[in-house]
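Spelled out, the chains give:
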Amino acid sequence: MSFATQMFNNAFFLTFVKKGFVVLNGIISLMLVARYFGPAMRGEYMFIVNVVIVGTTILNLGISLIYPHFRKQDKRAKNLFVSYSFLQFFLYLIISLLIMVITKNVILGISALLISVNVLNLQVTQINLVENLKQQSMIIIISSLINTSLITLAFFLTSENLYLILIIFGLKSYVSMFFSLVSLWDKDFKFTIVPVKYKKMTMLAFLPLLTSFLIAINYQADIIILKVMSVDFYHIGLYSTGVALAEYSWMIPDIFKEVMFHHNARKDDVKRMTFSIRLGFTAVVLVAVLVIAFGKPILGLLFGPDFVAAYPIVVFMFLAVPFMVYTKIIGTLFSANGGWRFYFITLLISVLLNIGLNVALIPFFHIYGSAFASVISYAFCGMTMVLWFKRKYRVPFRDVLFVRWADLQKVAPFLFRKKSSVESLVIIGDGGHSKIVQNIVRESGTYQLTEVWDDKYHEPMMREGIVYTSLDESLHGLTQMNNDVVFFVAIGDNEIRKKIARTLALAGKRFAVIIHPTAFVEATVRIDEGSLVMAGAIVQAHTTLGKHVIVNSGATVEHDISVGNFVHFAPGSVVTGGCTVADSVLIGAGSVVVPNLSIGENVVVGAGSTLTRNIESTLEYSRKKTE
């Protein structure tokens, strides 16, 4: 596979490229619109845009936000959600046209139409982020390029025209919406109208709706409040320019947010999330330092001398940017798991704090009071999120701060993990046997241990970069896991090991083969999936081990032996050449089996015994010690 193909097969790299295009095109568009309008008319334009964003958030009804939760439970949820989105769109489109005809207010009518298109675009974009992350990244790049091209034409070919720029703003959403629908409209798509499920979706989306409304208010309320409190459009234009410049730095955590939205819709990925937070936090801090240091020349170069007065707003807003890393990335967990209550309460307090400080400070400090209110609000929200995350997953605080040297060493293999020879491993069980297996994995380096599942963990926790979580809950979400993960059932009891292995096999999962570095396995030996050869064990020539076999410490399995599935050779046991061992046999510790014998299914050879005769898998011998 070529270098370019590898890079574009990586979700983080592709999202980074997408956001890079969006930021570049966005800054060009921002620069052209600012120079096209000037501060005063830009202030009026941004007031309308903010009203459209808030209206889109409300009329979305929270539907796009609950899709990951439904997707975890039903792979076919796409059909239901896309159909629902279409019905919403046509209803809103009819209402928008009626508003335009009845009121004869062009701005109001255009705003209503923009909300209609934006709602459908928001919903299908969020669905496609889960279903087709790479395609959606390309769609956003294309729509961003088209938007910049249209604004460039308007800048050079027309004079100040508010209606034209608003129409271009809507076309960007329309292009994105169209291509997202094409991406989702595959051979499996079926238009689905189920009123009962629609009612359930709407009810479940109510709290996410309120939550997303609070997010929109927290981001957009300042400009609306400034207008309500009679601040002129000139100063609103300056303020919105400073805020917009800061918002483009939010694209950095958005890179990781969208990938985590995609992954968490299938299964919580705490290790990848902490890695993302560290990279995102470090990046935004570096960008903030650079922009604060060189803000005035940047404003003058991009927007003209009229906008240099926005520099204090830029400084305030970039102080808030690092906290957005926590809010955006950690927030994907609430969307994926349906746990909206805490998220809602946190945002409600943040919004009330923002609005209260805006109302209190604007009369005295004008637009600077509004900027200070935003910093306090964002800081409260971000720190509350990171404290919740730290407590729930038992993540050390250092894991959610600046990037470490070890992270930089991992960046290349992280980007190229699809081609890495080290696969991610999930171990089932965390008892004594499992702890030995975990040590073997660390010593051998054949696999990268990422998770351990055991029912003694009621809440997920992280220790030394490994997530420890509930077995039962993890098995319920098994079918949604990525197929690039391998499993190992580290439970000594044959029956329990067999039951769990069958559950994993039915879900189409692959199993690891784990061999201790000090074990001797002759080159002609064949070992099937899920099997383990421990320290000091010997497996000799032309022997075949079945699935999920354990050759324990110091055990010897001699030449030309056929071993079935789920067999356990206990420590120090010896099975000599030419034997046949059927499924689910336990050869006890220190026992010896003489050559050329046949051992039937489910037989237990007692510890310290010597087996000198064949044992068939009959009721008489099943589960009996043979001495």
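If you're wondering where the values come from, they're calculated on a predicted model, not measured in any experiment.

## Observations concerning the pairing of strand β5 (residues 485–489)
Next, step 1: Within β5, 5 of the 5 residues are buried, which leaves the element mostly enclosed by the surrounding structure.
Next, step 2: Alternating residues of β5 divide into Val485, Phe487 and Val489 and Val486 and Phe488, and every residue in both groups is buried.
Next, step 3: Both strand β1 (residues 423–428) and β5 contribute to a ladder of 5 bridges, which runs parallel. From the neighbouring strand, Ile427 faces β5, where its bridge partner is Phe488.
Next, step 4: By the bridge criterion, 2 bridges tie β5 to strand β6 (residues 510–511) in an arrangement that is parallel. Each residue of the ladder has a partner; that of Phe487, found in β6, is Phe511.
Next, step 5: In this fold, the crossover linking β5 to β6 by way of helix α18 (residues 494–506) has right-handed handedness.

## So, the pairing of strand β4 (residues 466–469)
Next, step 1: Side-chain alternation along β4 places Ile466 and Tyr468 on one buried face and Val467 and Thr469 on a second face that is also buried.
Next, step 2: Across 3 bridges, strand β2 (residues 447–453) lies against β4 in parallel orientation. Looking at the pairing, Val452 lines up with Tyr468 of β4.
Next, step 3: Two elements, strand β3 (residues 461–463) and β4, share 3 bridges in a ladder whose sense is antiparallel. Residue pairing for β4: Arg463 is matched across the bridge by Ile466.
Next, step 4: Here β3 folds back onto β4 in antiparallel fashion, the turn holding 2 residues, of which Glu464 has a positive phi close to 55°.

## A look at the confidence of the model for the protein
Next, step 1: Per-residue confidence for the protein gives a mean pLDDT of 81; residues scoring 70 or more make up 84%.
Next, step 2: Ignoring residues within four places in sequence, the model shows residues 257–268, a span with pLDDT below 50, making 58 contacts including any to other chains.
Next, step 3: A low-confidence stretch, residues 619–627 stays under pLDDT 50, and its non-local contacts, those more than four residues away or across chains, total 21 contacts.

## Considering the pattern of salt bridges
Pairing between side chains of opposite charge can happen when the charged atoms of each approach one another.
Next, step 1: Using the criterion set out here, one finds 3 salt bridges in the structure.
Next, step 2: A salt bridge links Asp430 to Lys456, with the nearest nitrogen and oxygen atoms 3.4 Å apart. Separated by 26 residues along the polypeptide, Asp430 in the loop between β1 and α16 (432–444) and Lys456 in the loop between β2 and β3 bring together distant segments of the chain.
Next, step 3: Look at Asp430 and you get buried, because its relative accessible area is 3%.
Next, step 4: Given a relative accessible area of 46%, Lys456 falls into the partly exposed group.
Next, step 5: For Glu495, the salt bridge goes to Lys498, with nearest N and O atoms at 3.6 Å. Placement of both Glu495 and Lys498 in helix α18 is noted, with a separation of 3 residues, approximately one turn of the helix.
Next, step 6: Accessibility expressed as a relative area gives 10% for Lys498, which makes it buried.
Next, step 7: Sharing partners across several salt bridges, the network here consists of Asp430, Lys435 and Lys456.

## Focus: the environment of Tyr468
Next, step 1: Note on placement: Tyr468 falls in strand β4.
Next, step 2: Relative accessible area serves as the criterion here: at 3%, Tyr468 is assigned to the buried category.
Next, step 3: Taking the C-alpha atoms as reference points, Tyr468 and Lys456, separated by 12 residues in sequence, lie 9.5 Å from one another.
Next, step 4: The contact partners of Tyr468, leaving out residues within four places of it in the chain, are Asp430, Gln438, Arg442, Val452, Tyr457, Glu459, Pro460, Met461 and Arg463.

## Regarding helix α4 (residues 77–103)
Next, step 1: End to end, α4 covers 39 Å across 27 residues, agreeing with the expected 39 Å (1.5 Å per residue, within 8%).
Next, step 2: Phi turns positive one or two residues past the end of α4, at Lys104, with a value near 55°.

## Observations concerning the sheet that holds β3
Next, step 1: An order of β3-β4-β2-β1-β5-β6 is seen for the 6 strands of this open sheet, with the pairing classed as mixed. Lying at the two open borders of the sheet, with one neighbouring strand each, are β3 and β6.
Next, step 2: Set on the sheet, α18 makes contact with β1, β5 and β6; between it and β5 the angle comes to about 165°.

So, how was this worked out
One numbering rule holds for all chains: residues counted from 1, following each sequence as written. Thresholds applied to this predicted model are a pLDDT of at least 70 for local features of residues and 80 or more for the giving and counting of side-chain atom pairs; totals over whole chains, interfaces and linings are not thresholded and use all residues. Side-chain descriptors were evaluated using all non-hydrogen atoms of the structure, hydrogens and water having been removed beforehand. When accessible area is computed with a 1.4 Å probe and restricted to protein chains, residues below 20% of their type maximum are described as buried, those above 50% as exposed, and intermediate ones as partly exposed. Put simply, DSSP H or I for four residues or longer makes a helix, DSSP E for two residues or longer makes a strand, and each gets a number counted from the N terminus. When DSSP finds two or more bridges between a pair of strands, those strands are recorded as paired. When the strands point away from the viewer, a crossover counts as right-handed if the path from the first strand over the helix to the second runs clockwise. Residue-level confidence of the predictor, termed pLDDT, takes values from 0 up to 100. Two residues qualify as a contact provided that any one of their heavy atoms is within 4.5 Å of a heavy atom in the partner residue. Basic side-chain nitrogens of Lys or Arg form a salt bridge, by our definition, when they fall within 4 Å of a carboxyl oxygen of Asp or Glu. For a helix, the expected span equals 1.5 Å multiplied by the residue count minus one. Simply put, an axis is a line fit to the C-alpha atoms, just over the touching stretch for a helix, and the angle between two N-to-C directions goes from 0 to 180 degrees.

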